[in-house]
Amino acid sequence: ANESKFDDISVDKSKSELAERDYEQKMTKIFDEMNRVLDNDGIFTLMFTHKKTEAWDTLTKALINSEFVVTATHPVSTESKHSLHQKGKNSAESTILLASEKRDAKDETSTLYENIKRETRQVARRKARELDERDVDFAKVDIILASFGPTLEIFTKNYPVVDDEGNEVAPQEALDEARSAVNDYLIEKY
């Protein structure tokens, strides 16, 4: 999301909002083309690593707009803990691989967020525990990021998601809930 592209534009929206919308639209176009060429029973995998839930929110919106559902995630340890460019930065040491399939767009019945909020917390916590108990030493930030995959799977499978007033709930809300659940798990354990 390149804010400098909007330096000469004066509108009601901030440069960061315009850059984010531009980025989301470009990702949606890419995913639209992937949807077009992918077989109906096909699966595509992308790698994504970002610590901010806003970035994950943008990615998820683009996937949803292109009629995809997240079906699996796999954290892969890709960075050395001893790397000088990572040292002291609380950086992610893993890359998250997200597998997606075409979403069945026939049923667009809204799902109440309250009905999936508990499940969101449970899958995030379960993923955190699973990674924490492995022989691989995942950094805490990687455990949080890895929990985003199962969270997005629930969110995208239940899309559209609305609050009790019928307003659309952004994926970021579910991701924030997942982060909270994993933080709770880590606090309890450590």
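Please refer to the structure placed before this passage.
Being a predicted model, the structure only gives us computed values, none of them experimental.

**A few points about the sheet that holds strand β1 (residues 43-48)**
Pairing within the open sheet is antiparallel, and its 3 strands lie in the order β1-β3-β2. Whereas interior strands pair on both sides, the edge strands pair on one side only; in this sheet they are β1 and β2 (68-77). Pairwise comparison of adjacent strand axes, ignoring direction, gives a mean angle of 25° for this sheet. One ladder, built from 6 bridges, connects β1 with strand β3 (residues 94-102); its direction is antiparallel.

**Some remarks on the packing of helix α3 (residues 113-132) against helix α5 (residues 171-189)**
The contact between α3 and α5 brings their axes to 8 Å, and the two run at 45°. Compared by their axis directions, α3 and α5 come out oblique. Between α3 and α5 lies a crossing whose hand is right-handed. Across from Tyr113, Lys117, Thr120, Arg121, Ala124, Arg125, Ala128, Arg129 and Asp132 in α3, the residues of α5 making contact are Glu173, Ala174, Glu177, Ala178, Ser180, Ala181, Val182, Asp184, Tyr185, Glu188 and Lys189. Grouping the amino acids of the contact of α3 with α5 by side-chain chemistry returns 8 nonpolar, 2 polar and 10 charged.

**What about the packing of helix α2 (residues 53-65) against α5?**
Where α2 contacts α5, the two axes come as close as 8 Å, and the packing angle between them is 135°. Between α2 and α5, the interaxial angle falls into the category oblique. By crossing handedness, the relation of α2 to α5 is classed as right-handed. Of the residues in α5, those in contact with Thr53, Glu54, Trp56, Asp57, Thr60 and Lys61 of α2 are Pro171, Gln172, Leu175, Asp176 and Arg179. A per-class count over the contact of α2 with α5 returns 3 nonpolar, 3 polar and 5 charged.

Rules and cut-offs
- Residues numbered from 1 in each chain as written.
- Predicted model: local features only at pLDDT ≥ 70, side-chain atom pairs only at ≥ 80, totals over all residues.
- Heavy atoms only, no water.
- Pairing = 2+ DSSP bridges.
- Helix = DSSP H or I, 4+ residues; strand = E, 2+ residues; numbered from the N terminus.
- Axes fitted to C-alpha atoms, helices over the stretch in contact; angles between N-to-C directions.
- Parallel < 35°, antiparallel > 145°, perpendicular 65-115°, else oblique.
- Left-handed = near helix turned anticlockwise from the far one by under 90°.
- Contact = heavy atoms within 4.5 Å.
- Nonpolar A, V, L, I, M, F, W, Y, C, P; charged D, E, K, R; others polar.

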